[in-house]
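What the coordinates show
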Amino acid sequence: MGKEWTRKLASKGIMYWKTIALAILLTCVPISFVSFISWHVGNQYLIRQHQQNNEELVKDTVRQIDEQFSQLVQYALHMISNPILKPSLADTNFVDQFEKTQELNDTLYFIENGDPLIDQAYLYVEKQNMIMQPLLGLRPLDDPVDSTSWKNIMHDENGIFWTNHLDRPFHQGGSSHAIVVKLPFNSQKPYGALVLYINPSMVNLNANSEQVAFVLDGEDTLVAQSDASKQYPEVISDIQEALSTTKRSYNTQMHFQLPVKNDTLLVSSVSFQKLGGIWTFVSGTPSSAITAPTETYKRVVLIYWGVSLLLALALSWFASKSMYRPIRRMVDLFKEGKSETTTENNELKYIEEKWRQYRSVNETLQSNLNQSIPKVREALINQFLSGQAAHLTESEIAEKLQGLKLDITQQHFFIIVCQLHSLSEDRGQLTSKDSELLTYAAVNLLHEMSERLASYVHTIDFMDGSFAVIGFVPAASPVEDLKPPLMELSKDMIDTLRDVLHMPATIVVNGPAGVWTDVPYLLEQARRALSYRSFTSESQLLEAAVVLKQSHLEVKFPFELEQEFTYTLNLGLEKEAEDILIRFVEALQNDGAPEWVVHQGLMRLKNSLYRSMLQSNHNPYALYDGVKLQKELKALRDSHACIEWFRVSIIKPYIEVLNKSYHQSMKHIVDRIIQMINENYMSDLSLETFAMEAGMSVSQLSKAFRQMTGSNYIDYLTEIKMNHCKKLLVTTDMKISEIAKAVSYQPPYFNRMFKKLEGMTPGQYREQFNSVHEHKKQA
């Protein structure tokens, strides 16, 4: 058993032992590294967590300190409103007016005990150079130094301010920090001041027994400190020095570390605005106090390291097999189906030899790939132009095309879109095969002509009789210099298509552009500009930028001819409808409408006819194929072809349906009713009377009337009456009630009906027309 195990180990190759060594290295070393630094990293983590948690505590403490002093200021301002502190104190004889002096002393005693921050309260009367304090009583400032110091506080411009250098008189000792409130407050000539000395021990610092905390005023003078701060007397000077290097404003935060007594103090500070200055609250915690809990876990870490190391050694053995398995599988893969053998110690050499063989095969495949690069390149360009690669940047598409042996850097790009037109009628119609052959010939012809100007030409056939040529021109000259030769080339293309293929065409030129990512936009613009060609079958040369600038020109749509056409066709008057159709197309062309407007106008005319047919209970979708009609109309390039197409494809089928639906006698009856309405619209005409005279039912006559006019009887009669009323409103001075009675309407009903139909009352309609007429007359 032992010999067999030894033989198996000896049969392993060099790579096998390398994988074992690598597995041991990758498992044991990280575990040892993590174990030995975990306590250090853990300490740093605790420090960071403390700083994050302490940041909110510091901000909360700042808010409390700010609130304490704000309350003190509000309290002081409230106390000085006491009537006893009036300006007459400046001349009061405090000795003779004993009772007033005692009342003033009681007031000061009340002020001292009214807020915990106040240590002592002094009343200073400048004119008499005297101060009053509950314990000291009323005393003159005999000491010149004290007298000068107290007189100086009256020179400050502020009515209330903070001072940190006003020593207490008569060697009282204690803090020299005080809030000074001039009396009267905000007076131009104060007679004295109320001075409130601060008790630093009452400032709420929220500090524990190990935490160092300081409050510094606007001059970085110490105002208050925690008990733990007294253990580090040298820290305050270092903190003041660190703060002095930074310009502070409201809510400025700082974090730094200071070495103290074999330890490190983690300091955080927040600045806040108080009493006309930028105060700073500083909080610091020794790092030893933060990391103290980790000392307990050192032994746990050592145990974890030992157990993990043993487990890693065991797992590395199994991991080495997994690492070696791909090598073994690759060797077996090369040997698959072959009888050759190799030495296990030379696995990598064996793989190397096999790789050389496969590399030779790869070079052959690469050669074949190079032959297909042009097709791949064209496919990539088409993909980009169609928007499927719009996510690629200029540099990314340049890199891909560079790999396909096409350099688009330092290049200008131009677009030529060509639309071939149908042959004239005397030459017959083109079959689909003829159209494809002519398009193929035109593509090749324009491709060759473009090579006179471009270093590389890419063509796209849109399979609808139109195609695009994209030219790449070296950027040896500015973009503007390429336009003249580009327009000259386009003119030659039109002449060549006419002379060689005898085909009229419209060519749209766009560009040049200096950025490849603009090419899809230029192509889309050029294709859109095709629809702005003049509506003739002659060859045309358009510049996309110029044409699209004129695309917002207003075109007057012949709505009256649209309604007249629908009405005439519904009456079955084929010849008259064709005449109206011709006038409709001519009206569009007279306004300079481009091709797409004429197409859209005819489609609107068709849709209007659809609506009329539906109202007449005819199904246009069963009679026409909407998709086919739209496709056929889009392919027409001149007005004569459109008119003929509309006559054959739209008018004739509908006339045939009408002839099958109506009897001549029914047409005569409806025509007679329409004549009677036009002649006697002022009378009260009812459909029942007409039905009785014709000897048919009301529903039958109503249906016939709707089929022939596209409107029901009531709506038609109302429209006739309203048109007459509008004429009377603008051409006569008749009263509105008289106009209503002239068409057999009651005035209230007439007003409601007129406003419903016209959106305004009859009076507003007459006033609007008169104002417009007057404006035109003045012009």
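Described in the following lines is the structure provided in the data block. (Residues numbered from 1 in each chain as written. Predicted model: local features only at pLDDT ≥ 70, side-chain atom pairs only at ≥ 80, totals over all residues. Heavy atoms only, no water.)

Observations concerning the sheet that holds strand β11 (residues 277-286)
The strand order β8-β7-β11-β10-β9 describes an open sheet built from 5 strands, whose pairing is antiparallel. Pairing within the sheet leaves two strands with one partner each, and these edge strands are β8 (222-225) and β9 (253-260). With strand direction ignored, the average angle separating the axes of adjacent strands in the sheet is 25°. Here strand β10 (residues 263-274) pairs with β11 via 10 bridges, running antiparallel. Looking across to β11, one finds that Lys274 is bridged to Gly277. (Pairing = 2+ DSSP bridges. Helix = DSSP H or I, 4+ residues; strand = E, 2+ residues; numbered from the N terminus. Axes fitted to C-alpha atoms, helices over the stretch in contact; angles between N-to-C directions.)

So, the sheet that holds strand β2 (residues 130-133)
Spatially, the 6 strands line up as an open sheet ordered β3-β2-β1-β6-β5-β4, and their pairing is antiparallel. What marks the edges here is a single partner per strand, and that holds for β3 (137-140) and β4 (160-163). The mean inter-strand angle of the sheet, taken between neighbouring strand axes irrespective of direction, is 25°. Where strand β1 (residues 118-125) and strand β6 (residues 192-198) come together, 7 bridges link them in antiparallel fashion. When the bridges of β6 are listed, Ala121 appears paired with Leu196. Across the sheet, helix α3 (residues 98-112) is in contact with β1, β2, β3 and β6; its angle to β1 comes to roughly 145°. Lying on the sheet, helix α4 (residues 144-152) is in contact with β1, β2 and β6; it crosses β1 at an angle near 90°. (Contact = heavy atoms within 4.5 Å.)

Points about unusual backbone geometry
Pro184 follows Leu183 through a cis peptide bond whose omega is -15°. Here Pro184 lies in the loop between β5 (178-183) and β6. That bond from Gly511 to Pro512 is cis: its omega, 0°, falls within 30 degrees of zero. In this structure, Asn129 is a non-glycine residue whose phi angle is positive, near 50°. Counting through the fold element by element, Asn129 comes out in the loop between β1 and β2. By relative accessible area, Asn129 is classed as buried at 18%. Here the phi dihedral of Phe170 falls at roughly 60°; this positive angle occurs in a residue that is not glycine. (Buried < 20%, exposed > 50% of the residue type's maximum accessible area, 1.4 Å probe, protein only.)

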